[in-house]
Amino acid sequence: MVLGAGRAEKKVDEEFKSLTQYIEKHLKIQCSNYKEDYIKRRLMSRMNATKIASYREYLSHITTSQEERELLKNALTINVTKFFRDPEVFEVIRRDILPQILKEKRRIRIWSAGCSSGEEPYTLAIILSELALINRDLDGFIYATDIDDEILKRAKEGIYEKQALENLSAHQINRHFTTRPDGKFEVKPHVREKVRLQHHDLMSGMPVARYLDMITCRNVTIYFNESQKNAVARTFHEGLASGGYYIMGMSEYLGREVEHLFKSYRPLQKVFIRAELKGAESMERKTHSST
Ligand SMILES: C[S@@+](CC[C@H](N)C(=O)[O-])C[C@H]1O[C@@H](n2cnc3c(N)ncnc32)[C@H](O)[C@@H]1O
């Protein structure tokens, strides 16, 4: 049956609506929180990957394939982030890690790898600026990197919807953000100036800097295969100073091949400390990093 252009368009709209309803109910992702274009682009990437041409067929595919539901969920949440995501992790950073580093030095260097639209590095900058109230000579900054230039532009703007700030107290919002006429919130200069945003691909095998005190790479390696995950862990080992901290996302883990590179520090919050390498492996790594 050949449908007129108007009716065909209506049918596509209906199929799209059924698909987003399914996603909201079963994948628990609120599609209505995103621009329709964004959802369509992400769906299209999965439909191309599975060689499926219509929303209707794709809906029928995800109802039967657990694997595809996971892949779609990853595709839809690829840049998802918020301030103080998993607050207990940032509490460990504020209460345990940074005071520990401060016992040794005043200038703290952090790398937020896979920083998306900036919420994670700005969260770290907020913590540093709050700690500086009681440690007057504290001086720290955050390298914030991502592979996605569009998302880095958003990070540079530093403008957020109220939803992104739900883990901050009213006092913190007042102190670190200005409210804009459009109701959005903009990070203040004292937070912004601690964050150095730049493009960086974790697959490059090069750390953004060396002798770093802490690296957060959270909810990024979920998209990588085992050997890519291991390579990234080696890159972080190379980038960290002796005794530096590596923090992963709550659902991420260290592969068996690289577990010896780090000691567990706070297992529940996925915080590790760089381990010193012994003998041959240490020599080999030194030779590699100097070539
Ligand atoms: C879900 S966000 C994580 C944001 C933040 N770290 C958090 O936990 O809230 C994942 C980010 O990883 C970035 N990413 C994916 N592959 C990357 C790569 N090879 N190098 C650098 N960043 C990458 C994506 O562009 C995305 O912005």
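Residues numbered from 1 in each chain as written. Predicted model: local features only at pLDDT ≥ 70, side-chain atom pairs only at ≥ 80, totals over all residues.

## Focus: the site of the ligand
Around the ligand, the surrounding shell holds 21 residues, and the nearest of these are T81, G114, S116, L202 and R218. For the shell around the ligand, the residue count by class is nine nonpolar, six polar and six charged. (Near = placed C-beta within 6 Å. Nonpolar A, V, L, I, M, F, W, Y, C, P; charged D, E, K, R; others polar.)

## Some points on the environment of A233
Along the chain, A233 turns up in helix α10 (residues 226-239). Spatially, the C-alpha atoms of A233 and E193 are 28 Å apart, while their sequence positions differ by 40 residues. (Helix = DSSP H or I, 4+ residues; strand = E, 2+ residues; numbered from the N terminus.)

## Structural notes on the domain arrangement of the chain
Looking at the chain, the domain boundaries give domain 1 (5-76) and domain 2 (87-290). Averaged C-alpha coordinates put domain 1 and domain 2 at centres separated by 33 Å. (Domains from an automatic or database assignment.)

## Looking at the nonpolar core
Core analysis: the biggest nonpolar cluster contains 52 residues, and A125, I215 and Y246 have the highest contact counts within it. The element best represented in this core is helix α5 (residues 87-102), accounting for seven residues. Aside from chain neighbours lying at most four places away, what touches A125 is I142, V191, K194 and V195. One finds L19, I23, Y58 and L76 within the second-largest nonpolar core, a separate group that totals eight residues. (Core = buried A, V, L, I, M, F, W, Y, C linked by C-beta atoms within 7 Å. Buried ≥ 20, exposed ≤ 12 C-beta atoms within 10 Å, placed from the backbone. Contact = placed C-beta atoms within 7 Å.)

## Thoughts on the sheet that holds strand β5 (residues 185-187)
Strand order across the open sheet formed by three strands is β3-β5-β4, with antiparallel pairing between neighbours. Strand pairing shows two members of the sheet lacking a second neighbour, β3 (159-160) and β4 (177-179), which therefore form its edges. As judged from the three bridges shared by β4 and β5, these two strands associate in the antiparallel manner. In the sheet register, F177 faces β5, and the bridge partner there is V187. (Pairing = 2+ DSSP bridges.)

## A word on the sheet that holds strand β1 (residues 107-113)
Read from one edge to the other, the open sheet built from seven strands follows the order β6-β2-β1-β7-β8-β10-β9, with strand pairing classed as mixed. With one partner strand each, in any of the chains shown, β6 (195-199) and β9 (262-266) form the two edges of the open sheet. Neighbour-to-neighbour, the strand axes of the sheet open up by a mean angle of 25 degrees, direction not taken into account. The pairing of β9 with strand β10 (residues 271-274) spans four bridges and is classified as antiparallel. Counted as the bridge partner of R266 is V271 from β10. (Axes fitted to C-alpha atoms, helices over the stretch in contact; angles between N-to-C directions.)

## Re the packing of helix α1 (residues 5-27) against helix α3 (residues 55-64)
Running from N to C, α1 and α3 cross one another at 20 degrees; their axes reach a closest spacing of 8 Å. Classified by the angle between their axes, α1 and α3 sit roughly parallel to one another. The two elements α1 and α3 meet at a crossing, and its hand is left-handed. Between α1 and α3, the contacting residues are V12, E15, F16, S18, L19 and Y22 on the first element and Y55, R56, Y58 and L59 on the second. Residues belonging to the contact of α1 with α3 are distributed by class as follows: seven nonpolar, one polar and two charged. (Parallel < 35°, antiparallel > 145°, perpendicular 65-115°, else oblique. Left-handed = near helix turned anticlockwise from the far one by under 90°.)

## Describing the environment of K270
Inspection of the secondary structure assignment puts K270 in the loop between β9 and β10. As a C-alpha pair, K270 and M248 span 22 residues in sequence and 5.5 Å in three-dimensional space. Leave out the neighbours within four places in its chain, and K270 touches I247, M248, G249, M250 and E252.

## Considerations on the pairing of strand β7 (residues 212-217)
Residues in a regular strand project their side chains so that they alternate between the two faces of the sheet. Within β7, six of the six residues are buried, which leaves it mostly tucked inside the rest of the structure. Pairing between β7 and strand β8 (residues 240-248): five bridges, direction parallel. The partner of C217 across the bridge, within β8, is M248. Regarding the hand of the β-α-β motif, the stretch spanning β7, α10 and β8 is right-handed. (Right-handed = clockwise from strand over helix to strand, strands pointing away.)

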